[in-house]
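# Observations on the three-dimensional arrangement
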Amino acid sequence: MKAQNTTMKAVHVNGYGSTEHISIKQLKKPIAKDNEIIIKNFAATVTRADTMMLSGKPYFARLIIGLRRPKHPIPGTGYSGVIESVGKNVSLFNVGDLVFGETIFNFSANAEYIAIKESEVILHKPGFLTDDEAATVGDGPVTSYNFLKLIGNIKPGQKVLINGASGALGTAAVQIAKSFGAEVTGVCSSKNIPLVKNLGADHVIPYDIKSFEKSDEDYDLIFDTVGKSSYSLCKSILKTNGQYLSPVLNGRLLFDMFWTRLAGKKKAKFAATGTKKPKDINHIYQQLIKIYEQFEMKTIIDKTYPIEEAKSAHEYVNKGHKVGNIVIQLNR
Ligand SMILES: NC(=O)c1ccc[n+]([C@@H]2O[C@H](COP(=O)([O-])OP(=O)(O)OC[C@H]3O[C@@H](n4cnc5c(N)ncnc54)[C@H](OP(=O)(O)O)[C@@H]3O)[C@@H](O)[C@H]2O)c1
């Protein structure tokens, strides 16, 4: 009889600081508890959430991810793979199902096997997404849908500006905003203009040549995906009821959110998408699957790495200049 392999290769982080704490280890393979699913993982993302997990910054994030070191020592949130085993109380999924999703604050996706509860973020993978593409959905697309549709209430014909249009959030946001019928302006560096135009942006402003905040245009929504601008810099180019949305929290944004909530028609808004209930995130995934299919939404993948080179993948993401997404390929 063939002996069962009880270990797996995984990326391991043993403290906050930088990528020096990363190593590739042979760890115990998870075993399904009654309500759990074990996924043989084919693709996992490396995202800016991992930058936070590796650095332990901003410090308040440690209340969730672990005070002295990461509570979950394996990084990575997005995954795509095949179900290897299920616990006895799992009813919605079966062995052999192709699935994808995200582990959010439980991280642990940069590993050959993942354990996830069926009540968490897990969906059947549509055939038109490859594993590499499917693993990325939980980062840029889910976050951008949350900000543009659920927070910004984007409408057809609105003028929408996406700052950081070449990142994971930006490349998804440009396409999602177009799918809602908006007139989209993307802000990126000169070298990424062809990419952002190709994603469907109607206008592109290269940030290395011109500050978009000095534009003569005004916008219904400004989605500052990289948090490099601010509400006060954007206020003069927001329409009367315009909104400045950013997924990057800092003291200035907190202040602007507070005051714009109390007074005035223009608003500044932030949200942490990962704090939504899994059923609400699953719902966003379902809406996105329709957008991928109807609008032939593209996934931009900058680089892929084998798990053995995961440290280089995390170092690259930490620099803040990736184009779209980074994927670790496993079990291939
Ligand atoms: N709140 C939430 O729910 C949530 C969820 C997910 C992510 N996030 C946050 O969202 C942020 C964006 O993540 P990301 O993965 O999309 O991107 P990223 O890795 O932070 O940024 C990548 C892109 O930003 C561009 N960029 C760099 N400086 C810029 C500038 N000054 N102006 C315009 N573009 C610039 C880079 O292009 P060049 O190389 O050409 O400069 C690169 O293509 C991160 O801070 C992440 O933590 C928040």
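Calculation notes
Residues numbered from 1 in each chain as written. Predicted model: local features only at pLDDT ≥ 70, side-chain atom pairs only at ≥ 80, totals over all residues. Heavy atoms only, no water. Near = heavy atom within 4 Å. Polar contact = N/O pair within 3.5 Å; in protein donor to acceptor, adjacent residues only side chain to side chain. Areas by Shrake-Rupley, 256 points an atom, 1.4 Å probe, with all protein chains shown as cover. Nonpolar A, V, L, I, M, F, W, Y, C, P; charged D, E, K, R; others polar. Domains from an automatic or database assignment. Pairing = 2+ DSSP bridges. Helix = DSSP H or I, 4+ residues; strand = E, 2+ residues; numbered from the N terminus. Right-handed = clockwise from strand over helix to strand, strands pointing away. Salt bridge = Lys/Arg side-chain N within 4 Å of Asp/Glu carboxyl O. Buried < 20%, exposed > 50% of the residue type's maximum accessible area, 1.4 Å probe, protein only. Axes fitted to C-alpha atoms, helices over the stretch in contact; angles between N-to-C directions. Contact = heavy atoms within 4.5 Å. Arc of directions from axis to C-beta.

### Thoughts on the site of the ligand
- If you check the shell around the ligand, you find 25 residues, and the closest are Ser166, Ser189, Tyr207, His321 and Lys322.
- Ala271 has a polar backbone atom sitting 2.9 Å from a nitrogen atom of the ligand.
- Taking Lys322, its side chain carries an N or O atom lying 2.6 Å from an oxygen atom of the ligand.
- Protein contact buries 87% of the 940 Å² of open area that the ligand shows by itself.
- Among the residues forming the shell around the ligand, the class breakdown is nine nonpolar, 11 polar and five charged.
- Each of domain 1 (7-129 + 299-329) and domain 2 (140-274) gives at least three residues to the shell around the ligand.

### Some points on the pairing of strand S14 (residues 301-306)
- Direction of pairing for S14 relative to strand S15 (residues 325-329): parallel, over a ladder of five bridges. Of the residues in S15, the one forming a bridge with Ile301 is Asn325.
- Taking the sense of rotation as the criterion, the β-α-β connection linking S14, helix H10 (residues 310-318) and S15 turns out right-handed.

### Examining the pattern of salt bridges
- A full pass over the atoms with the stated rule returns nine salt bridges.
- Put simply, Lys9 and Glu308 hold a salt bridge, and the shortest N to O gap is 2.7 Å. Placement of Lys9 in strand S1 (residues 7-13) and of Glu308 in the loop between S14 and H10 is noted, with a sequence separation of 299 residues between them.
- With relative accessibility at 26%, the residue Lys9 sits in the partly exposed group.
- Of the charged contacts, one joins Lys159 and Asp218 as a salt bridge, the two residues approaching to 3.9 Å between their closest N and O atoms. Of the two residues, Lys159 sits in strand S8 (residues 159-163) while Asp218 sits in the loop between strand S10 (203-206) and strand S11 (219-224), which places them 59 residues apart along the sequence.

### With respect to the sheet that holds S11
- Here we have six strands laid out as an open sheet, ordered S10-S9-S8-S11-S12-S13, and parallel in their pairing. The sheet is open, and its two edges are formed by S10 and strand S13 (267-269), each paired on a single side. Shown here is a sheet whose adjacent strand axes are inclined to one another by a mean of 15°, direction ignored.
- Relative to strand S9 (residues 183-188), S8 runs parallel, the two being bridged by five bridges. Along S9, the bridge assignment pairs Lys159 with Glu183.
- Of the strands in this sheet, S8, S9 and S11 are in contact with helix H5 (residues 168-179), which crosses S8 at around 170°.
- Sheet contacts for helix H8 (residues 251-262): strand S12 (238-245) and S13; angle to S13, the most-contacted strand, approximately 135°.

### A word on the environment of Ile74
- Counting through the fold element by element, Ile74 comes out in the loop between helix H2 (62-65) and strand S4 (78-86).
- Residue Ile74 is classed as buried on the basis of its relative accessible area of 10%.
- C-alpha of Ile74 to C-alpha of Ser189: the two residues are 115 residues apart in sequence and 33 Å apart in space.

### Some points on H10
- Here H10 has its buried residues at Ala310, Ala313, His314, Tyr316 and Val317. Looking down the long axis of H10, one finds its buried residues gathered within 160° of arc, a one-sided arrangement.
- Buried residues along H10 sit in contact with S1, strand S2 (22-28), strand S3 (36-46), helix H1 (48-55), S14 and S15.
- Positive phi shows up at Gly320, right after H10, with a value of about 80°.

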